[in-house]
Amino acid sequence: ANRVAGVEAAVCQDPFCAAPARSHSDTNVLCLGAKIVGSGLAMDVVRAWMTTPFLDAEEKYARRVAKGRDIA
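First things first, this report covers the structure right here in the doc. (Residues numbered from 1 in each chain as written. Predicted model: local features only at pLDDT ≥ 70, side-chain atom pairs only at ≥ 80, totals over all residues. Heavy atoms only, no water.)

### Quick look at the overall build of the protein chain
Phase 1 of the analysis: When its secondary structure is counted, the protein chain shows 3 helices and 2 strands.
Phase 2 of the analysis: For the protein chain, the α and β elements follow one another from N to C terminus as β-α-β-α-α.
Phase 3 of the analysis: Summarising its shape, the C-alpha atoms of the protein chain cover approximately 35 × 25 × 15 Å along the three principal directions.
Phase 4 of the analysis: Scored against the burial criterion, the 72 residues of the protein chain give a buried share of 26%. (Helix = DSSP H or I, 4+ residues; strand = E, 2+ residues; numbered from the N terminus. Buried < 20%, exposed > 50% of the residue type's maximum accessible area, 1.4 Å probe, protein only.)

What follows is the structure in structure tokens.
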């Protein structure tokens, strides 16, 4: 998915991974393994990912995301 311009995808198997994927990396696509994550856990992962904002006020995260977008 990350080969498509403008797509920042993250594979998340639990809510602990989903929150930093949004807050630190500003991902806009969430990937879940169908055989790895059950439906109840998947809902928790999606909820954590959807409700976590990007920490763009923290310069280190904004710089990291900008570097990645400059490469693409």
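On we go.
### Regarding the environment of A18
Phase 1 of the analysis: With respect to the element layout, A18 can be found in helix α1 (residues 15-23).
Phase 2 of the analysis: In the structure, A18 is positioned 14 residues away from L32 in sequence and 10 Å away in space, judged by C-alpha atoms.
Phase 3 of the analysis: Residues contacting A18, with those up to four places away along its chain left out, are C12, V45, A48 and W49. (Contact = heavy atoms within 4.5 Å.)

### So, unusual backbone geometry
Phase 1 of the analysis: In the Ramachandran plot, D26 falls in the positive-phi region, its phi being about 55° despite a non-glycine side chain.
Phase 2 of the analysis: Note on placement: D26 falls in the loop between α1 and β2 (29-31).
Phase 3 of the analysis: For D26, a relative accessible area of 18% corresponds to the buried category.

### A look at the nonpolar core
Phase 1 of the analysis: Counting 7 residues, the largest nonpolar core consists of A10, C12, A18, A21, V45, A48 and W49.
Phase 2 of the analysis: Among the elements of the structure, α1 and α2 (39-51) are those that each provide at least two residues to this core.
Phase 3 of the analysis: The leading source of residues in this core is α2, at 3 residues. (Core = buried A, V, L, I, M, F, W, Y, C linked by side-chain atoms within 4.5 Å.)

### Section: the packing of aromatic side chains
Phase 1 of the analysis: Scanning the model with the defined rule gives 0 aromatic pairs in all.
Phase 2 of the analysis: The ring of W49 carries R22 above its face, with NZ or CZ at 5.6 Å from the centroid. (Phe/Tyr/Trp six-rings, centres within 6.5 Å; stacked < 30°, edge-to-face > 60°. Lys NZ or Arg CZ within 6 Å of the ring centre and 35° of its normal.)

### What to know about the pattern of salt bridges
Close approach of charged atoms lets side chains of opposite charge pair.
Phase 1 of the analysis: Going through the model one piece at a time under the given rule, you end up with 2 salt bridges.
Phase 2 of the analysis: Here D26 and R22 are joined by a salt bridge, their closest N and O atoms 3.4 Å apart.
Phase 3 of the analysis: The exposure class assigned to R22 is buried, which follows from its relative accessible area of 17%.
Phase 4 of the analysis: Put simply, R47 and D44 hold a salt bridge, and the shortest N to O gap is 3.1 Å. Taken as a pair, R47 and D44 lie in helix α2 at a separation of 3 residues, close to a single helical turn. (Salt bridge = Lys/Arg side-chain N within 4 Å of Asp/Glu carboxyl O.)

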